[in-house]
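# Structural overview for review
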Protein chains: 4
Amino acid sequence: MGLEGLQLLAKMREKYGLSIITEVRDYSHIEEVIEYSDVVQVGAKAMYDQGILRRCGKANKPILIKRGFGTTLQEFAQAAEFVLSGGNENVILCERGIRTFEFNTRFTLDLCGVAWLKDKTNLPIVLDPSHALGARYGIADLSRACVAMGIDGLLIETHPDPSVAKSDAAQQLDFKMFEEMNASLKAVANAVGRVMI
Amino acid sequence: MGLEGLQLLAKMREKYGLSIITEVRDYSHIEEVIEYSDVVQVGAKAMYDQGILRRCGKANKPILIKRGFGTTLQEFAQAAEFVLSGGNENVILCERGIRTFEFNTRFTLDLCGVAWLKDKTNLPIVLDPSHALGARYGIADLSRACVAMGIDGLLIETHPDPSVAKSDAAQQLDFKMFEEMNASLKAVANAVGRVMI
Amino acid sequence: MGLEGLQLLAKMREKYGLSIITEVRDYSHIEEVIEYSDVVQVGAKAMYDQGILRRCGKANKPILIKRGFGTTLQEFAQAAEFVLSGGNENVILCERGIRTFEFNTRFTLDLCGVAWLKDKTNLPIVLDPSHALGARYGIADLSRACVAMGIDGLLIETHPDPSVAKSDAAQQLDFKMFEEMNASLKAVANAVGRVMI
Amino acid sequence: MGLEGLQLLAKMREKYGLSIITEVRDYSHIEEVIEYSDVVQVGAKAMYDQGILRRCGKANKPILIKRGFGTTLQEFAQAAEFVLSGGNENVILCERGIRTFEFNTRFTLDLCGVAWLKDKTNLPIVLDPSHALGARYGIADLSRACVAMGIDGLLIETHPDPSVAKSDAAQQLDFKMFEEMNASLKAVANAVGRVMI
C-alpha cells in the first residue's frame, strides 16, 4: 500500500475509531507502514525477509507474522524469535493455510500446527480461515473451530456486497452472514472459557 | 484382526454392552469383519480397494471409510459413492489427517476438507484427531475444534495407563484427561446447537 | 482385468512373443493374474495390501511394486521387503510420481527418491514418466533423464493413434515419437555405461 | 553478503578470472549485489518480493531466480515475467527442489516442472541438485539426469575438504568426485546434442 493509501487509512481511524493493520509487502515502504499502522502485518511471502524482520524488531508497534504457505512450524517460530530478539515483545502469529496436494480447497488450514504453536510458544495466535478455504461456504464452521481451539483472534473477510468486492470476492461474507456467525462465535468462546470482545 | 480376536470382541460386546467397530485390512478376512462388527471400518490404506468397497456395498452393516493420507476429497467422496451405489446407505466419512510437508506433527488434520465434505455430501462425518496429531498435547483442543464444526463423531484414543499402551502410546489420553476433555466437548456441542451422547 | 482379458493377453504372448505385465487391482483376482502374467504388477493403490503382498511373496513370478502417490520411500522399501521376506527374490521397484502442491503437472516424478532407493536398496528400479507428467510434451526429456540416472527400465505409454486411445490419451506417444525417443535413449544409456535392450 | 564480502569476491574475479553470482537476500543490500556481481541471484525465499524483482528489471546484469520451495510453476513463471517486463531480458530460471511429504531427502527436485518450464517458456533453465537432495550420495546421478533433460546449467556444491565445509557439508563433493562426475556429464550432454563448456 502506498503512502497515500496509508494516510487515508489514518484518517478513517481518526473519524471512526478503528484500528489499522496493514501489510508490509517489501522493504521499500516499511517505514511508512510502521508509522501509520496500529499493527504491522508481515505477509506470508515476506516472512523470510531478514531486512523486514530486523526492522520490525526495532519498531514500537505490534507485529503480526503470517506463516508462509510452504513454511514449517519451526521456521515460523524462528521468524517470530528473530523479531523478539530484536527487542520487540509484541509478536502475533497468524496461520492462514498451507499448500498441500488438496486443491478442492485453496489451502489447508493447519490446526494441528496451531496445537503445536500453542504448546511450544507463548505468543498470541490469530487465524485466517477466509484465505485458507478461499470460499464462503465453510467460513462460519471453520471460524467456530478456530475459536474452540482457544485462539486469540480471527481475520474474517466481509463486504457489504461481496458480488462487487475488488479482491477475493468468493470468500467474503456479507454483513448478515457475518453477524450471524459472530453470535455463534461468542457462544463457542464462552464454552471454552474465553470472552469475545 | 484374526477370527479369534473378533470372537473375543463379540464376547465383550455381550458382557459390557459396547458396540464394535473394526478395520478391514485386506479382502481376505472381510467376511469375518462384517459378521462380527457393528460398524465396518475401511482403513486409510484400503479405501481404493474395489473388492472391499464392492463387498461393503452389499453388507448390512454401516461402513466407516477413512480418508487415505494422500487421497483427494474427490476420490474420498467417490469411494463413498461406490459403496452407496452398491446398495448400502449407511456410509460414514472419517478424516484422519493428510500428509503434507509439515513434519512437526504426524499428519495435518484437514478441516477445510471437512467444510468441503459438509457442503458437498450429506454423509455423517467423524474425525480422528489422535492419529492426525500423533501426540497427546493438543488432542483436547483439536477435539473441541472438531465438535465446533458440527461433525458427527470423534475417534479418541484413550488408555488406563498410556505409558504401557501397546500401540500409539504417545497419542493416548489417560482416563482423567479424557473425562476432563469430554466435559468441555459437551459445552462446545451445546454452543453449536448439538447434543453429545 | 478379468479372466477373459488375461486369457486374451496370453494368446497375444504366444502369437507375438511379447511378455505380459498386468496389475493386481485387488485380492479377489490375484490367482489369475499370477497364473497368466510374466510379471505381476502391484498398483500404487494396492501396495499397502498385506494380503496381496503376502501372496506375491509366495509367487514364482517377478513382482513390480508401484510406489503409492502418498507413500514415503521408507514405506515403499518396506513393501518390497515384505515380498522378499516371503521368499520371492524377484522384486522390482517402480516410481510413478507423487502428489505435491504442484498441479500444473499431474504428479511429481521423484528422482531424488530414486537416488535414495539406489543408495539404500539393491533392487532394480523402473520409472513411469508417462503417468507422472500426464501429458505428451515432456515424456522424451523425462525419459532421457531417467535413463541417465542408470535405472533399469521405463514404462512408456504409446498408441498407434493417441487421439482415439481409450485411456490416458493425453500422455500417449504415437509410434513415430516413440521411435525418435528410443534412438536418443540408447545414446544416453551408452553415455552412462549401460546398454538398452 | 555484506559489502566487504562482495569487494573480496570482486578481487578474486580479477585475480582468477572467475565470474561471480551472488544472492540478494533482502532489498537493503540490492545495489551492492547488482554492482559487484556478474549474475544476480534472487533466492528462493525472496522471489515474491516485488521491490527486489522491480529493481532487477532495471538492472544491467543477468538475473537468476530460484523457485521457492512452496512456489507453483505458474508463480515462478510470473516472477520471471515481472523482471522481463521491467526491461531486463536476461532472466534465468533455477529449480532447486520443492517441499513435499517426503523427508528422506531434503527436498524433491521437480523435473516434471522442468519439462513444463521448457514447454511454456523460452528462458534458460539451471538446476541445483545439491540443495534438492541435501546429501552427497546421489548428486552425480541427479546431475546426469538434469543434463539429459537438455537444461542450460547446474549448480553443484564442491569443496576441497567437505568435512570442514562451513555450510551444507553433507552435500559437498570433493574435487575428485566432482571431476569424475564432470567427465560423465560431458558424455551425457553429447548424447543429447549439447556441448558442455
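Shown above is the structure to which this text applies.
Residues numbered from 1 in each chain as written. Chains lettered and ligands numbered in written order. Predicted model: local features only at pLDDT ≥ 70, side-chain atom pairs only at ≥ 80, totals over all residues. Heavy atoms only, no water.

## What about the packing of aromatic side chains?
Formally: Only Phe, Tyr and Trp rings are paired, with Trp represented by its six-membered ring, and only when their centres lie within 6.5 Å; those with planes under 30 degrees apart are stacked, over 60 edge-to-face, the remainder tilted. Elements are defined by DSSP. Helices are runs of H or I of four residues or more, strands are runs of E of two residues or more, and each kind is numbered from the N terminus. Per-residue accessibility, obtained with a 1.4 Å probe over protein chains only, is compared with the maximum for each type, and a residue is labelled buried under 20%, exposed over 50%, and partly exposed between these values.
The tally for this structure, following the rule as stated, stands at 10 aromatic pairs over all chains. With 4.1 Å between their ring centres and 0° between their planes, Phe103(A) and Phe103(C) make a pair best called stacked. Placement of Phe103(A) in the loop between strand E4 (91-95) and helix H5 (111-120) and of Phe103(C) in the loop between strand E4 (91-95) and helix H5 (111-120) is noted, with the two residues assigned to different chains. According to the relative accessible area criterion, Phe103(A) is partly exposed, its value standing at 40%. A ring pair is formed by Phe69(B) and Tyr48(C), whose centres lie 5.8 Å apart and whose planes are at 90°; its orientation type is edge-to-face.

## Structural notes on the interface of chain B and chain A
To keep things clear, this is the line we draw: Contacts are residue-level and defined by heavy atoms, with any inter-residue pair within 4.5 Å sufficient. Here's the idea: put two parts together, see how much 1.4 Å probe accessible area each one loses, and the total over both is what we call buried area. By definition, a salt bridge exists where a carboxyl oxygen of Asp or Glu is found within 4 Å of a side-chain nitrogen of Lys or Arg. Pairing of N or O atoms within 3.5 Å defines a polar contact, subject to two protein rules: one partner must be a possible hydrogen donor and the other a possible acceptor, and residues neighboring in sequence count only if both atoms are side-chain atoms. Throughout this entry, Asp, Glu, Lys and Arg are counted as charged residues, while Ala, Val, Leu, Ile, Met, Phe, Trp, Tyr, Cys and Pro are counted as nonpolar. The remaining residues, Gly among them, count as polar.
Chain B puts 40 residues into the contact, and the matching count from chain A is 40 residues. Summing both partners gives a buried area of about 3,000 Å² for chain B against chain A, and 70% of it is carried by carbon and sulfur. One can count four salt bridges joining chain B with chain A. A salt bridge links Lys118(A) to Asp141(B), with the shortest nitrogen-to-oxygen separation between them at 2.8 Å. Our count for the contact surface shared by chain B and chain A stands at six residue pairs in polar contact (both at pLDDT 80 or more). For the side of chain B that touches chain A, the secondary-structure elements that each account for two or more residues are helix H4 (73-85), helix H5 (111-120), helix H6 (129-133), helix H7 (139-148) and helix H8 (175-191) of chain B. By residue class, the composition of the side of chain B that touches chain A is 21 nonpolar, 10 polar and nine charged.

## Section: the relation of the copies chain B and chain A
Rules: Copy-to-copy superposition: least squares on the C-alpha atoms, limited to residues that have pLDDT of at least 70 in both copies.
Note on the copies: chain B fits chain A at an RMSD of 0.0 Å, the axial shift is 0.0 Å, and the rotation between them is 180°. Look at the turn and shift together and you get a two-fold axis relating the two. Measuring from the rotation axis to each C-alpha of chain B, the shortest distance belongs to Ala145(B), at 2.0 Å. When the interface residues of chain B are mapped onto chain A, 100% of them are again interface residues, pointing to one common binding face.

## Let's talk about the relation of the copies chain C and chain A
Of the transformation placing chain C onto chain A, the axial shift is 0.0 Å and the rotation is 180°, giving an RMSD of 0.0 Å. A high fraction, 100%, of the interface residues of chain C reappear at the interface in chain A, so the copies pair face to face through one surface.

## With respect to the sheet that holds strand E2 (residues 39-42) of chain C
Residues and elements named next belong to chain C. Note the threshold: Two strands qualify as a pair provided that DSSP identifies no fewer than 2 bridges between them.
Taken together, the six strands give an open sheet; going across it, the order is E1-E2-E3-E4-E5-E6, and neighbouring strands pair in parallel fashion. Edge positions in the sheet fall to strand E1 (21-24) and strand E6 (153-154), since each has one partner strand and no second. Pairing geometry for strand E5 (residues 125-127) and E6, over two bridges, is parallel. Each bridged residue has a counterpart across the sheet, and for Leu-127 the counterpart in E6 is Leu-154.

## Quick look at the side chain of Lys66(D)
Residues and elements named next belong to chain D. With respect to the secondary-structure elements, Lys-66 resides in strand E3 (residues 63-66). Only 2.7 Å separates the side chain of Lys-66 from the side chain of Asp-128, close enough to count as a polar contact. Discounting residues that sit within four places of it in the chain, Lys-66 has contacts with Gln-41, Val-42, Gly-43, Ala-44, Met-47, Phe-76, Cys-94, Arg-96, Asp-128, His-131 and Leu-155.

## Regarding the packing of helix H3 (residues 50-57) of chain B against H4(B)
Residue and element names in this part refer to chain B. This is how the line gets drawn: The axes used here are C-alpha line fits, helices contributing only the stretch in contact, and every angle between their N-to-C directions lies in the interval 0 to 180 degrees. Under this scheme an angle from 65 to 115 degrees is roughly perpendicular, one under 35 degrees roughly parallel, and one over 145 degrees roughly antiparallel; angles in between are oblique. Left-handed describes a crossing in which the near helix is turned anticlockwise from the far one by less than a right angle; the clockwise case is right-handed.
Where H3 contacts H4, the two axes come as close as 7 Å, and the packing angle between them is 45°. Comparing their axes, H4 and H3 come out oblique. Between H3 and H4 the crossing geometry is right-handed. Here Gln-50, Leu-53, Arg-54, Cys-56 and Gly-57 of H3 come into contact with H4, specifically with Ala-79, Phe-82 and Val-83.

## Side note on the pattern of salt bridges
Overall, the coordinates contain 52 salt bridges over all chains when judged by the stated rule. Among the ionic pairs, Lys66(B) bridges to Asp128(B), the shortest N-O distance being 2.8 Å. Of this pair, Lys66(B) sits in strand E3 (residues 63-66) while Asp128(B) sits in the loop between strand E5 (125-127) and H6, and the two are 62 residues apart along the sequence. Under the relative-accessibility criterion, Lys66(B) is labelled buried at 7%. Asp128(B) gets classed as buried once you look at its relative accessible area, which sits at 1%. In this structure, the salt-bridge partner of Asp119(B) is Lys120(B), at a minimum N-O distance of 2.7 Å. With a relative accessible area of 42%, Asp119(B) lands in the partly exposed category. Several salt bridges share partner residues, and in doing so they unite Arg67(A), Glu95(A), Asp110(A) and Glu102(B) into one network.

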